[in-house]
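Structure assessment
Spelled out from the first residue to the last, the chains are:
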Amino acid sequence: MRRTHAWSVLAMTVALGLTVAAGEKPSAELQNAMKSNAATTGAMGLRAHTAAKDYDAIAKDAATLKTNYALFETFWTTRKVEDAVGFAKAGAKAAADLEAAAKAKDDAGIATATAAITPTCGGCHMAHRERMPDMTFEIK
């Protein structure tokens, strides 16, 4: 009887430990990069710059995105999370394509690259972000 109880307690402790270890608060640097991506691609950033055909601003947005995606790739590579590394690499490629299209003043290329960026954020968030009861987010 005592043995069964001991194993039950041990199993619950391990399960709780895994649950606690699964959630991680993102660092301030990671949070700032994600907020930067949101602002860069948002209504006052890339969307406005694309509508205005402000190619210099679009190229600057692309450079910001490339820097942020490099940070994301490093973050996820150290944790060995392959799908998240893939999202980061796809985002970096789309940002590089966006920069090239902006420098070439290629509106179709800008549209294609912009469309490729969006699913990288959303896909990673769906797979690896969890909203907490206090409305903050943790990495799962």
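Here is a short report on the structure shown in this document. Model, not experiment: these values are computed from the prediction. In this numbering scheme, every chain counts its residues from 1 along its sequence in written order. Local features are withheld for residues below a pLDDT of 70 in this predicted model, meaning they are given only at 70 or higher, and side-chain atom pairs are given and counted only at 80 or more; totals for whole chains, interfaces and linings count all residues. Where side-chain values are given, they derive from all heavy atoms of the structure, hydrogens and water being excluded.

**A word on the packing of helix α4 (residues 55–78) against helix α5 (residues 82–103)**
Across the interface, α4 lies against α5 with an axial gap of 8 Å and an inter-helix angle of 165°. For the element pair α4 / α5, the angle class is roughly antiparallel. The two elements α4 and α5 cross, and the hand of that crossing is left-handed. On α5, the residues that touch Tyr-55, Ile-58, Ala-59, Ala-62, Ala-63, Leu-65, Lys-66, Tyr-69, Phe-72, Glu-73, Trp-76 and Thr-77 of α4 are Ala-84, Val-85, Phe-87, Ala-88, Lys-89, Gly-91, Ala-92, Ala-95, Ala-96, Leu-98, Glu-99 and Ala-102. Three residue categories are used. Nonpolar comprises Ala, Val, Leu, Ile, Met, Phe, Trp, Tyr, Cys and Pro, charged comprises Asp, Glu, Lys and Arg, and polar comprises the others, including Gly. Partitioned by chemical class, the residues of the contact of α4 with α5 number 18 nonpolar, 2 polar and 4 charged. Helix axes are fitted to C-alpha atoms over the stretch in contact, other axes to C-alpha atoms as well, and angles between N-to-C directions run from 0 to 180 degrees. The secondary structure listing takes helices from DSSP runs of H or I that are at least 4 residues long and strands from runs of E that are at least 2 residues long, numbered from the N terminus. We call two directions roughly parallel when the angle between them is under 35 degrees, roughly antiparallel when it is over 145, roughly perpendicular when it lies between 65 and 115, and oblique otherwise. The sense of a crossing depends on the near helix, which, turned anticlockwise from the far helix by less than a right angle, makes the crossing left-handed and, turned clockwise, makes it right-handed. Contacts: residue pairs with any heavy atoms within 4.5 Å of one another.

**Section: the nonpolar core**
Ile-58, Leu-65, Phe-72, Trp-76, Leu-98, Ile-110 and Ile-117 are the most contacted members of the largest nonpolar core, which totals 26 residues. The element best represented in this core is α4, accounting for 9 residues. With residues near it in sequence (within four places) discarded, Ile-58 still touches Leu-46, His-49, Thr-50, Leu-98, Ala-102 and Ile-110. As used in this record, nonpolar core signifies buried Ala, Val, Leu, Ile, Met, Phe, Trp, Tyr and Cys residues forming a set joined through side-chain atoms within 4.5 Å. When a residue's accessible area, from a 1.4 Å probe over protein chains only, is under 20% of the maximum for its type it is buried; when over 50% it is exposed; and in between it is partly exposed.

**With respect to α4**
Here the expected length of a helix is defined as 1.5 Å per residue gap, with one fewer gap than residues. With 24 residues, α4 extends 35 Å from end C-alpha to end C-alpha; this agrees with the ideal 34 Å at 1.5 Å per step. Here the buried face of α4 lies against α2 (28–41), α3 (46–51), α5, α6 (107–128) and β2 (137–139). Downstream of α4 by a residue or two, Lys-80 has a phi angle that is positive, lying close to 55°.

**Notes on the packing of aromatic side chains**
Working definition: rings of Phe, Tyr and Trp (its six-membered ring) pair if their centres are within 6.5 Å, and the pair is stacked with planes under 30 degrees apart, edge-to-face with planes over 60 apart, and tilted otherwise. Counting across every chain of the model gives 2 aromatic pairs. With a centroid separation of 4.9 Å and 90° between ring planes, the pair formed by Phe-75 and Trp-76 is classed as edge-to-face. Given a relative accessible area of 11%, Phe-75 falls into the buried group. With relative accessibility at 8%, the residue Trp-76 sits in the buried group. Its guanidinium or amino end placed over the ring of Phe-75, Arg-79 lies 3.6 Å from that ring's centre, counting from NZ or CZ. We count a charge as sitting over a ring when the NZ of a lysine or the CZ of an arginine lies within 6 Å of the ring centre and within 35 degrees of the ring normal. Sitting above the plane of the Phe-137 ring, Arg-129 keeps its charged end 3.9 Å from the centroid.

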